[in-house]
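Reading the structure
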Amino acid sequence: MVSQEQRENAFLWTLDALKNGDIAVPIIARDFTPEDWAFIFEGLPKVLRLELWETLGEDKKSPILAAMRDDSREQLISLLSSENLEDVARSSSAEHLVEILDVLPNKIAKGLIKKLNSEESGLVEEALNYDDSQVGRYINHDLYTVHKSANVGDLLEELKDELLPAYTDSILVVDDADHYLGQVDINALFSNDSALNLVQIAEFSDRVLSADLDLYDAAEAVKSSGRSMLPVIAK
């Protein structure tokens, strides 16, 4: 993570390089988040954005577009060919792709969805059932779940070889049909008997969001919960 001052200095450095005909970014860019990259692109003149964009790996592009302001995102997308957009779509997660589809011509958006595999297209279509003010439209499906039959020891052993998704501070317990049963704080795993079944220590409380909840209310709920994330359940 970089500081605001470092981000601003990186932007000025990049802008000067591009103005001088050099397509380059400072070394600190290796630590950029999508939000940092969005800051850089939003500040660049329109004519310079495409030059820098074409140097990025496909895996970076979709998260950056999702993090950009609507007006800047639309301007950048208007510079890209249909082939470029398809490449971005193929490397996108469902939640990032939804952000991109919002600003694409309807014909191109439908064409991109048709080229997704069945799982991806299902997630995108589900997200599009909600409007852009509802949390269900922007659900992150990159989460860690465990079956209800597991015990504390099983999960601790499994986690030794697993890289948890970002912002994970609890594990979601699900049944055979992947229905949500509750969540277990990671820290609680270390203070309970290893033979204890996870369902016995899982919480199922009001700290669950409805997919049709307003984005602002959802953000406030996460903030007041003290957690990095909360489960979202469709009605």
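Just above, that's the structure.
This structure is a prediction, so every number in the text was calculated from the model and none was measured.

1. Section: the pattern of salt bridges
In total, this model carries eight salt bridges according to the counting rule given. One salt bridge connects Asp 36 with Arg 7, and the closest N-O pair in it is separated by 3.3 Å. Note that Asp 36 is positioned in helix α2 (residues 34-43) and Arg 7 in helix α1 (residues 4-19), a separation of 29 residues in sequence. Looking at Arg 7, the relative accessible area reads 17%, which means it is buried. Via salt bridges that share partners, Glu 42, Arg 69 and Asp 71 belong to a single interconnected network.

2. Describing the side chain of Ser 170
Residue placement: Ser 170 occurs in strand β2 (residues 170-174). At 3.0 Å, the side chain of Ser 170 forms a polar contact with the side chain of Gln 183. A polar contact is formed between the side chain of Ser 170 and the side chain of Arg 227, at a distance of 3.5 Å. Excluding residues within four positions of it along the chain, Ser 170 makes contact with Gln 183, Val 184, Asp 185, Ile 186, Arg 227 and Met 229.

3. A closer look at the packing of helix α3 (residues 46-53) against helix α5 (residues 70-78)
At a minimum axis separation of 10 Å, α3 and α5 run at an interaxial angle of 70°. It follows from the interaxial angle that α3 and α5 lie roughly perpendicular. The two elements α3 and α5 cross, and the hand of that crossing is right-handed. When α3 is examined against α5, the residues Lys 46, Arg 49 and Trp 53 are found in contact with a partner set consisting of Ser 72, Gln 75, Leu 76 and Ser 78. Grouping the constituent residues of the contact of α3 with α5 by class yields two nonpolar, three polar and two charged.

Each value, and the rule that gives it
Residues numbered from 1 in each chain as written. Predicted model: local features only at pLDDT ≥ 70, side-chain atom pairs only at ≥ 80, totals over all residues. Heavy atoms only, no water. Salt bridge = Lys/Arg side-chain N within 4 Å of Asp/Glu carboxyl O. Helix = DSSP H or I, 4+ residues; strand = E, 2+ residues; numbered from the N terminus. Buried < 20%, exposed > 50% of the residue type's maximum accessible area, 1.4 Å probe, protein only. Polar contact = N/O pair within 3.5 Å; in protein donor to acceptor, adjacent residues only side chain to side chain. Contact = heavy atoms within 4.5 Å. Axes fitted to C-alpha atoms, helices over the stretch in contact; angles between N-to-C directions. Parallel < 35°, antiparallel > 145°, perpendicular 65-115°, else oblique. Left-handed = near helix turned anticlockwise from the far one by under 90°. Nonpolar A, V, L, I, M, F, W, Y, C, P; charged D, E, K, R; others polar.

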